[in-house]
Amino acid sequence: MTVDLPIAVQLQELAVDIAREAGALARERRAAGVALAATKTTLADIVTEADREVEALIRSRLDAERPGDGFLGEESEAAQSSTGITWVVDPIDGTVNYAYGIPSYNVSIAAVQGEVDEALAAAVYAPALDELFTAARGGGAWLGDQRLAVTAENPAGALLATGFGYDPATHDGDLATVRRVMPLARDLRRMGAAALDLAYVAAGRLDGYFERGLAPWDFAAGGLLVREAGGVVSRVDTASDRPMIIAAGPALHERLSEVLHKEI
Ligand code: IPD
Ligand code: CA
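Because the structure is a prediction, the values reported are computed rather than measured.

Visitor: Give me the coordination of the calcium ion (ligand 2): which residues, what numbers.
Guide: Distances from the calcium ion (ligand 2) to its protein donors, namely E74 (OE), D90 (OD), D90 (OD) and I92 (O), fall within the range 2.2 to 2.9 Å. As a motif over one chain, the donors of the calcium ion (ligand 2) read E-x15-D-x1-I. Note that E74 is positioned in the loop between strand 3 (70-73) and strand 4 (85-93) and D90 in strand 4, a separation of 16 residues in sequence. A relative accessible area of 23% places E74 in the partly exposed class. The class of D90 is buried, set by a relative accessible area of 1%.

Visitor: Tell me about helix 4 (residues 171-181), residues and numbers included.
Guide: Within helix 4 the residues assigned to the buried category are D174, T177, V178 and V181. Buried residues along helix 4 cover an arc of 100 degrees about the axis, so they all sit on one side. In helix 4, the exposed residues that point more than 90 degrees away from the buried face are D172 and R179. Against strand 10 (158-162), strand 11 (185-189), strand 12 (208-212), strand 14 (244-248) and helix 7 (250-260) lie the buried residues of helix 4.

Visitor: Can you break down the pairing of strand 7 (residues 131-136) residue by residue, with the values?
Guide: Summarising burial for strand 7: six of the six residues are buried, a large majority. The alternating pattern of strand 7 places E131, F133 and A135 and L132, T134 and A136 on opposite faces, both of which are buried. Counting the residues between successive antiparallel strands, the hairpin from strand 6 (residues 119-126) to strand 7 contains four residues, one of them, D130, with a positive phi of roughly 50 degrees. Note that strand 7 and strand 8 (residues 141-143) share three bridges and pair antiparallel. Residue pairing for strand 8: F133 is matched across the bridge by L143. Hairpin connection, strand 7 to strand 8: the antiparallel pair is bridged by four residues, and G138 has positive phi, about 90 degrees.

Visitor: So what about the domain arrangement of the protein? Which residues, and what values?
Guide: As far as domains go, the protein holds domain 1 (5-147) and domain 2 (158-261). Of note, the centres of domain 1 and domain 2, computed from C-alpha atoms alone, are 20 Å apart. In this complex, domain 1 contributes 42 residues to the contact, which on the side of domain 2 involves 26 residues. Surface buried jointly by domain 1 and domain 2 totals about 2,400 Å² across both partners, of which 64% is contributed by carbon and sulfur atoms. When residues of domain 1 are sorted by the area they lose upon contact with domain 2, V116, D117 and F133 head the list and together hold 21% of the total. Joining domain 1 to domain 2, the criterion identifies three salt bridges. Ionic pairing is found between R205 and E131, a salt bridge with its closest N-O pair at 2.7 Å. At the surface where domain 1 touches domain 2, the tally comes to nine residue pairs in polar contact (both at pLDDT 80 or more). When residues of the side of domain 1 that touches domain 2 are traced back to their parent elements, those giving at least two are strand 3, strand 4, helix 3 (95-100), strand 5 (106-113), strand 6, strand 7 and strand 8. A per-element tally of the side of domain 1 that touches domain 2 places strand 6 first, with seven residues. Class assignment for the residues of the side of domain 1 that touches domain 2 results in 23 nonpolar, 11 polar and eight charged.

Conventions we followed
- Residues numbered from 1 in each chain as written.
- Chains lettered and ligands numbered in written order.
- Predicted model: local features only at pLDDT ≥ 70, side-chain atom pairs only at ≥ 80, totals over all residues.
- Heavy atoms only, no water.
- Donors = N, O, S within 2.8 Å, 3.2 Å for Na, K, Ca; no water.
- Helix = DSSP H or I, 4+ residues; strand = E, 2+ residues; numbered from the N terminus.
- Buried < 20%, exposed > 50% of the residue type's maximum accessible area, 1.4 Å probe, protein only.
- Arc of directions from axis to C-beta.
- Contact = heavy atoms within 4.5 Å.
- Pairing = 2+ DSSP bridges.
- Domains from an automatic or database assignment.
- Buried area = accessible area lost by both parts, 1.4 Å probe.
- Salt bridge = Lys/Arg side-chain N within 4 Å of Asp/Glu carboxyl O.
- Polar contact = N/O pair within 3.5 Å; in protein donor to acceptor, adjacent residues only side chain to side chain.
- Nonpolar A, V, L, I, M, F, W, Y, C, P; charged D, E, K, R; others polar.

Spelled out as structure tokens, the structure:
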């Protein structure tokens, strides 16, 4: 007798499968040399041929396996869902790292029902590091077969990460935010890939993460990882259409929120 797996686990298995395949393609293309395809919102906001090719691969695999599901990806047109499930995809998160040959880039895939903050399943795969972070709602967050948990508060202060958007006009505001947050920090990292920042909070490699100006594909999968690892992820609306995301263990999240909500 076959037993139906819960839908979140089925979606997680598919996300993992596709993320591994997509990651292998990104790694292969990186080894062959990166071709810049275009700049997007600003000169610093780049897309490579590989971003597009990897998204096309993910999309065609999803179309074949789950016709009718919606699609929201960074590099192609969105498609409405007729099943209630939408896939939120960043084919290469950390494109600037990818272009420079820094291994902190990843394929980020989430299956979402309703709001983007309500992912059912997630896979964040960093092919150059061969690290796969996964979660299914209610089933915990995992790095391979190791269950993940966010950190507890530490009297030495928090190891935090953040990011700066591609628009130079926002940098002054971001730096002012960093100044406000530093009293809570033991140190600050800027690694260049939002989904990995979130995965690292889930894994306890970082205590907390905040960034203004994120798009859904930057945080849909990583957000589920943090929640399933016992953390809190909140979205703070900003003057632009892209929110600030704050992610940390519950106590630190509260302290970060007190500082960051005043900044918006
Ligand atoms: C970017 C990275 C970066 C973050 C930017 C994102 P991309 O995604 O996640 O760390 O600071 O806000 O747009 O462009 O490399 O997919
Ligand atoms: Ca991207």
